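Per-entry structural report
For reference, the chains in residue letters:
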Amino acid sequence: MNELFGLRGKTAVVTGGSRGIGLHIARGLVAAGVDVTISARKADVVAAAAAELGCRGVAADLSTPEGCRALADSVTGPLHILVNNAGATGAAPLEDFPDAEWDEIMRINLGGVFRLTRDLLPRLREAAAPGDPARVVNIGSVDGFRPKDRENYAYTASKAGVNMLTRHLAKRLAPEHITVNGIAPGPFPTPMSAWVFDDPEMRARVERSVPLGRAGTPEDLVGATTFLCSRAGAYVTGHVLPLDGGIVGCL
């Protein structure tokens, strides 16, 4: 079982790794013996998180082509795992949704995933092998599968785009022994969702909407990522796993 799910000795980049879902995933990979690099926009924030985790931190703005290239250029040698997690959200009434906010969310949530994966292909190709492919894991959202009452139009559209980009990249890169899969989290307590989970009434309402009756935990995230990045998941590509307690599957 240790060989089937083991990750020791591999290398990984986790974007948006200084907090929330990215921090949970990075912490799990470090604990599994992976040499991890995390990225975030703010240098002081990423440095603090990297010191806490015992890994490497790189400040990079992945909403820009220059930021993606800078992060890719900082990675040397084979890269076994790329977790594209960095993202942003926002909401506003349809008639008032700001153009600048739409563009910013699309640039980082969708453009950043594409550009960084493209820019890190040389490193992923170095790690790729027929029985042990290099892995790309794109963090989407259940909101990319269905609309909701909250008017977060750019976020849902970008995450739906991540789902299709995941499948398209998987088809293109499978012959090169690089798998591309996605994880679409449902409700997880993170800084991005604090406005929900810090309110007991709203948290209870959200948890009642989940068929399994609870929010996600760090262990859920680490377990799914470990499966996709270990030998256990070596024959899986082009799939987006809803990690949501049954929200999508039980519709």
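The structure we're discussing is the one just above.
Residues numbered from 1 in each chain as written. Predicted model: local features only at pLDDT ≥ 70, side-chain atom pairs only at ≥ 80, totals over all residues. Heavy atoms only, no water.

1. Here we look at helix 2 (residues 20-31)
Here helix 2 contains twelve residues, and its C-alpha end-to-end distance of 17 Å stays within 8% of the 16 Å for a straight helix at 1.5 Å per residue. Counting buried positions along helix 2 yields nine of twelve residues, so the element is predominantly enclosed. When we look at burial in helix 2, the residues that qualify are Gly20, Ile21, Gly22, Leu23, His24, Ile25, Ala26, Gly28 and Leu29. Backbone geometry just after helix 2 places glycine 33 at a positive phi near 90 degrees. (Helix = DSSP H or I, 4+ residues; strand = E, 2+ residues; numbered from the N terminus. Expected span 1.5 Å × (residues − 1). Buried < 20%, exposed > 50% of the residue type's maximum accessible area, 1.4 Å probe, protein only.)

2. Description of the nonpolar core
Counting 33 residues, the largest nonpolar core has Leu62, Leu71, Leu82, Leu116, Leu120, Leu124 and Ile178 as its most contacted members. Elements with a contribution of two residues or more to this core: helix 4 (65-73), helix 5 (99-119), helix 6 (121-127), strand 5 (134-139), helix 7 (153-173) and strand 6 (178-185). Residue contributions to this core peak at six residues, all from helix 7. Counting residues in hydrophobic clusters, the runner-up holds 28 residues, among them Leu29, Ala40, Val46 and Cys229. (Core = buried A, V, L, I, M, F, W, Y, C linked by side-chain atoms within 4.5 Å.)

3. Re helix 5
Considering bend angle alone, the principal kink of helix 5 is centred on glycine 111 and spans about 45 degrees. Listed in full, the buried residues belonging to helix 5 are Ile105, Met106, Ile108, Asn109, Gly111, Gly112, Val113, Leu116, Thr117 and Asp119. Against the buried residues of helix 5 lie strand 1 (11-15), helix 4, strand 4 (81-84), helix 6, strand 5 and helix 7. (Bend = angle between axes of the 7 residues up to and from the residue. Contact = heavy atoms within 4.5 Å.)

4. Here's the deal with a nonpolar patch on the surface
A surface patch of nonpolar side chains, amounting to about 390 Å² of accessible area, comprises Met1, Leu4, Phe5 and Phe227. The topology assignment puts leucine 4 in helix 1 (residues 2-5). Taking the relative accessible area as the measure of exposure, leucine 4 reaches 35% and is therefore partly exposed. (Patch = residues over 30% accessible without salt bridge, like charges linked within 9 Å, V, L, I, M, F, W, Y side chains within 5 Å. Areas by Shrake-Rupley, 256 points an atom, 1.4 Å probe, with all protein chains shown as cover. Salt bridge = Lys/Arg side-chain N within 4 Å of Asp/Glu carboxyl O.)

5. Looking at the environment of arginine 123
One can find arginine 123 in helix 6. Taking the C-alpha atoms as reference points, arginine 123 and aspartate 73, separated by 50 residues in sequence, lie 9.8 Å from one another. Non-local contacts of arginine 123, meaning those with residues more than four positions away in its chain, are made with Val75, Thr76, Gly77, Pro78 and Leu79.

6. Re the side chain of threonine 37
Mapping threonine 37 onto the fold places it in strand 2 (residues 35-40). For threonine 37, the contacting residues outside a window of four places in its chain are Ala12, Val13, Val14, Arg56 and Val58.

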